[in-house]
Every structure is written in C-alpha cells, then in structure tokens.
Amino acid sequence: MKTLLLSLILVSGLTAHAQSMDVKVKDVDASQDTTISIKKGQGTQNKKVYTLSEGNEEIVGDKDVLKKTAEQNWKKACDEYKKEFKEMNKENKIVSLSCGSMVCAKEGVESTCQSKATYKVRVLSEE
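Since we're looking at a predicted model, the values are computed, not measured. (Residues numbered from 1 in each chain as written. Predicted model: local features only at pLDDT ≥ 70, side-chain atom pairs only at ≥ 80, totals over all residues. Heavy atoms only, no water.)

Attention now moves to the side chain of S115. Within the secondary structure layout, S115 lies in strand β4 (residues 110-124). Reaching out from S115, the side chain makes a polar contact with the backbone oxygen of C99 at a distance of 2.6 Å. For S115, the residues in contact, after removing those within four places along its chain, are E57, E58, I59, W74, C99, G100, S101 and M102. (Helix = DSSP H or I, 4+ residues; strand = E, 2+ residues; numbered from the N terminus. Polar contact = N/O pair within 3.5 Å; in protein donor to acceptor, adjacent residues only side chain to side chain. Contact = heavy atoms within 4.5 Å.)

Attention now moves to the state of the cysteines. Simply put, the disulfide is a covalent bond whose two ends are the sulfur atoms of two cysteines. Enumeration according to the criterion identifies 2 disulfides in this entry. Covalently, C78 is tied to C99 through a disulfide, its sulfur atoms 1.9 Å apart. Every disulfide takes its handedness from the sign of the S-S torsion; for C78 and C99 that torsion is 100 degrees, giving right-handed. Here C99 lies in the loop between β2 (94-98) and β3 (103-107) and C78 lies in helix α2 (residues 67-87), a separation of 21 residues in the sequence. The class for C78 is buried, based on a relative accessible area of 4%. C99 gets classed as buried once you look at its relative accessible area, which sits at 5%. Between C104 and C113 runs a disulfide, and the two sulfur atoms are separated by 2.0 Å. Sign of the S-S torsion, about 100 degrees for the bond between C104 and C113, identifies this disulfide as right-handed. Classification of C104 by relative accessible area gives partly exposed; the value is 27%. Sequence-ordered numbering of the bonded cysteines in the chain gives a disulfide pattern of 1-2, 3-4. (Disulfide = S-S within 2.5 Å. Buried < 20%, exposed > 50% of the residue type's maximum accessible area, 1.4 Å probe, protein only.)

Moving on, we come to the pattern of salt bridges. Note that side chains of opposite charge can pair when their charged atoms are close. Enumeration over the complete set of coordinates arrives at 2 salt bridges. For K75, the salt bridge goes to D79, with nearest N and O atoms at 3.5 Å. Separated by 4 residues within a single helix, K75 and D79 lie in helix α2, roughly one turn from each other. For K75, a relative accessible area of 44% gives the class partly exposed. (Salt bridge = Lys/Arg side-chain N within 4 Å of Asp/Glu carboxyl O.)

Put into structure tokens, the structure is as follows:
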C-alpha cells in the first residue's frame with residue numbers, strides 16, 4: 001500500500017510540472033482542411049525576397065604570337081573572372097557562372113582568344 005501511495009505521489013508530481021497551452025480559435029471555417037500554425041517570434045515579417053538577375057561579359061585573353069599561348073592566356077582570364085565573381089558569393093548569390101566557348105582570332109601575327117561569359121545571381125528585392 002505504501003509503494004502504491006508513493007508511486008501515485010511521484011506520478012502526480014511529474015505531471016504537475018508540465019505546462020499547458022490553450023489556444024482559442026473562433027470563426028474559423030472548418031468545412032475544408034484547415035491548418036493553424038503557431039510561431040514564436042516575429043514570423044515572416046523579416047523574410048528576404050530574392051529575384052534572379054542574369055547578364056554577360058566579354059572575357060579576352062592577352063595577345064600572343066602562338067595560338068596555344070593565347071588559349072592559355074584566355075584560360076587564365078576565365079579563371080580570374082570566376083575567382084573574382086565567387087569572392088562576391090558570401091551569401092550564396094551565384095546560381096550559375098560560365099565563361100562560355102572560347103573563339104580565337106588572328107590579327108597580323110598575334111592571336112587573341114575571347115568569349116562571352118554568362119551569369120545568374122540572386123538579388124535581394126526591394127519590398
């Protein structure tokens with residue numbers, strides 16, 4: 001009998017610490033599926049809204065007498081373009097980034113390689 005009384009006191013003591021929350025919902029049409037969400041804090045008032053922005057730029061490598069070296073110069077220019085662009089990616093703003101296809105042209109004895117780079121970035125919208 002003592003053990004039963006002791007166990008009842010322990011169980012009632014543990015449940016006494018539980019907190020209950022009452023939510024009164026009036027005038028909610030429940031004829032269809034209804035979801036009620038309760039959140040603590042400011043909620044969606046500070047939600048950031050982003051839009052996609054896209055563009056392109058010309059990438060031109062340094063001129064060189066040898067076409068192979070001109071191609072390597074374009075590759076260096078492409079790598080530097082990507083590096084600078086990614087340095088701005090602190091908040092994962094870059095969606096896509098490409099240097100495009102290299103096209104080389106000979107001017108006199110020198111060759112120049114260039115391409116049209118494309119990018120897509122997320123931009124914070126003003127709202």
